[in-house]
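Secondary and tertiary structure notes
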Amino acid sequence: KHTNPSKSLDWKLFRKNIHIYHPIQLSDSDEDKLEQIEAKFDKIIDIPQLCLSPEWRDRLLQISIEFEKTLTPESWYNGKEGLENLKSEFEGKSNSKFCSVDIERILTSSEWQDFLTGLEEEIEAER
């Protein structure tokens, strides 16, 4: 269903953690409710994220640089395609690849609590 593997993993983690932040009881027979939750999840435009701290990001970059220097010839890492390019690519990816969805922030929001409570009431009425 998802084309972005990260999005698919985010959804799986989100789905797995719903019960931690809301008392809704979902079973395999509640597939239509899960589809409603997934549709709402897919519509989140500005997904809150948890990312590495700047200190950890800098440390990871330094480790990457050390490895590049160890594994590549000096002409490469001092050249145009070398370390400056590595730093640039690292910075570009560090604000997305080193982040995960802030599931707690989403699920504890009043919007999501109200939505899940509404679904919970529907499930109870159907049983």
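Description of the structure in this document. Keep in mind that what you see is a predicted model, and the values were worked out from it rather than measured.

Cut-offs applied
- Residues numbered from 1 in each chain as written.
- Predicted model: local features only at pLDDT ≥ 70, side-chain atom pairs only at ≥ 80, totals over all residues.
- Heavy atoms only, no water.
- Helix = DSSP H or I, 4+ residues; strand = E, 2+ residues; numbered from the N terminus.
- Rg over C-alpha atoms; globule rule 2.2 N^0.38 Å.
- Buried < 20%, exposed > 50% of the residue type's maximum accessible area, 1.4 Å probe, protein only.
- Areas by Shrake-Rupley, 256 points an atom, 1.4 Å probe, with all protein chains shown as cover.
- Lys, Arg positive; Asp, Glu negative; His and termini not counted.
- Charge placed at Lys NZ, Arg CZ, Asp CG, Glu CD.
- Core = buried A, V, L, I, M, F, W, Y, C linked by side-chain atoms within 4.5 Å.
- Contact = heavy atoms within 4.5 Å.
- Expected span 1.5 Å × (residues − 1).
- Arc of directions from axis to C-beta.

The next subject is the overall build of the chain. When its secondary structure is counted, the chain shows seven helices and two strands. Each helix and strand of the chain, ordered N terminal to C terminal, gives the series α-α-β-α-α-α-β-α-α. In summary, the chain has a C-alpha radius of gyration of 21 Å against a globular reference of 14 Å for 127 residues, an excess of more than 25%. Counting only C-alpha atoms and orienting by the principal axes, one finds that the chain spans roughly 70 × 30 × 20 Å. Counting over 127 residues, the chain shows a buried share of 29%. As presented, the chain carries roughly 8900 Å² of accessible surface, and 50% of it is formed by carbon and sulfur atoms. Looking at the chain, you have 17 positive and 27 negative side-chain charges, and the mean spots of the two groups are 5 Å apart.

Bringing the nonpolar core into the picture now. One finds Phe 14, Ile 18, Ile 37, Leu 107, Trp 112 and Leu 116 to be the most contacted residues of the largest nonpolar core, which totals 15 residues. Look past the residues within four positions of Phe 14 in its chain and what remains in contact with it is Ile 37, Phe 41, Ile 103, Ile 106, Leu 107 and Trp 112. By size, the runner-up hydrophobic cluster in this structure holds six residues, among which are Leu 61, Ile 65, Leu 86 and Phe 90.

Bringing helix H2 (residues 31-42) into the picture now. The end-to-end C-alpha distance of H2, which contains twelve residues, comes to 16 Å, matching closely the 16 Å that a straight helix rising 1.5 Å per residue would cover. Restricting attention to buried positions, one finds in H2 the residues Lys 33, Leu 34, Ile 37, Glu 38 and Phe 41. For H2, the arc enclosing every buried residue in end-on projection is 140°, short of the 170-degree limit, so these residues lie on one face.

The analysis is restricted to geometry; functional conclusions fall outside its scope.
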